[in-house]
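Coordinates in review
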Amino acid sequence: MITAVVTALDANNLLATPSTDMDVKLLVGKSIKYVDNSGKEWPGSITGYQDQLIVVKFDPFPTGLGQGQLLEIPEEGDEE
């Protein structure tokens, strides 16, 4: 599993920095999730990239999500 740190937020999506040094273009189209403090999972998707940041879209947008929080990007072979 790859993690990403939320860097910036706006009304519809957010930017996050992957914790692993990699080509962020390879992450576009992958699923991503945020697990809030009550254990609820919020699914989203990676819709693009800007420099070394990924653009993430959630629908609906998770409550309580803020800058500095971690997102999870499952990799092939990760158990869901």
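Residues numbered from 1 in each chain as written. Predicted model: local features only at pLDDT ≥ 70, side-chain atom pairs only at ≥ 80, totals over all residues. Heavy atoms only, no water.

Focus on the side chain of K33
Keep this limit in mind: The secondary structure listing takes helices from DSSP runs of H or I that are at least 4 residues long and strands from runs of E that are at least 2 residues long, numbered from the N terminus. Only protein chains enter the accessibility calculation, which uses a 1.4 Å probe. A residue is then buried if its area is under 20% of the maximum for its type, exposed if over 50%, and partly exposed in between. We call two residues in contact when some of their heavy atoms are within 4.5 Å.
When you line up the elements, K33 lands in strand β3 (residues 31-35). Relative accessible area serves as the criterion here: at 15%, K33 is assigned to the buried category. Once residues within four sequence positions are removed from consideration, K33 is found in contact with E41, W42, P43, L71 and E72.

Examining the nonpolar core
Note that soluble globular proteins tend to have their nonpolar side chains buried in a common cluster. Heads up, the rule is: Among the buried residues, those of types Ala, Val, Leu, Ile, Met, Phe, Trp, Tyr and Cys that are joined through side-chain atoms within 4.5 Å form a nonpolar core.
Residues L14, I32, I54, F58, L71 and I73 are the most contacted members of the largest nonpolar core, which totals 17 residues. At the level of elements, β1 (2-9), β2 (13-18), β3, β4 (41-50), β5 (53-58) and β6 (70-73) are the ones that each hand at least two residues to this core.

As for the pattern of salt bridges
The line we're drawing: Any Lys or Arg side-chain nitrogen located within 4 Å of an Asp or Glu carboxyl oxygen qualifies as a salt bridge.
For the structure shown, the criterion picks out 2 salt bridges. Linking K33 and E41 is a salt bridge whose minimum nitrogen-to-oxygen distance equals 3.4 Å. Across the pair E72 and K33 runs a salt bridge, and its minimum N-O distance is 3.7 Å. Within this pair, whereas E72 is found in strand β6, its partner K33 is found in strand β3, the two being separated by 39 residues in sequence. By relative accessible area, which is 24% here, E72 ends up partly exposed. One continuous salt-bridge network, built from bridges that share partners, spans K33, E41 and E72.

Looking at unusual backbone geometry
A cis geometry characterises the amide bond from D59 onward to P60, with omega recorded as 5°. Inspection of the secondary structure assignment puts P60 in the loop between β5 and β6.

Re the pairing of β5
The condition is simple: DSSP-based pairing: two strands are paired if at least 2 bridges between them are found.
In terms of strand pairing, β2 meets β5 through 4 bridges, oriented antiparallel. For A16, the partnering residue across the bridge sits in β5 and is I54. Turn length for the β4-β5 hairpin, with the two strands adjacent in sequence and antiparallel, is 2 residues, and the turn residue D51 shows positive phi of about 55°.

Focus: the pairing of β1
Regular strands show a simple pattern: their side chains alternate between the two faces of the sheet. Sheet topology note: the β1/β6 ladder contains 4 bridges and is antiparallel. Residue pairing across strands places A4 opposite L71, the latter belonging to β6. Bridge count for β1 against β2 is 5 bridges, and the pairing is antiparallel. The residue bridging A8 from the neighbouring strand is L15, located in β2. A loop of 3 residues connects β1 with β2, the two strands running antiparallel in sequence.

Geometric values such as these leave the question of function open.
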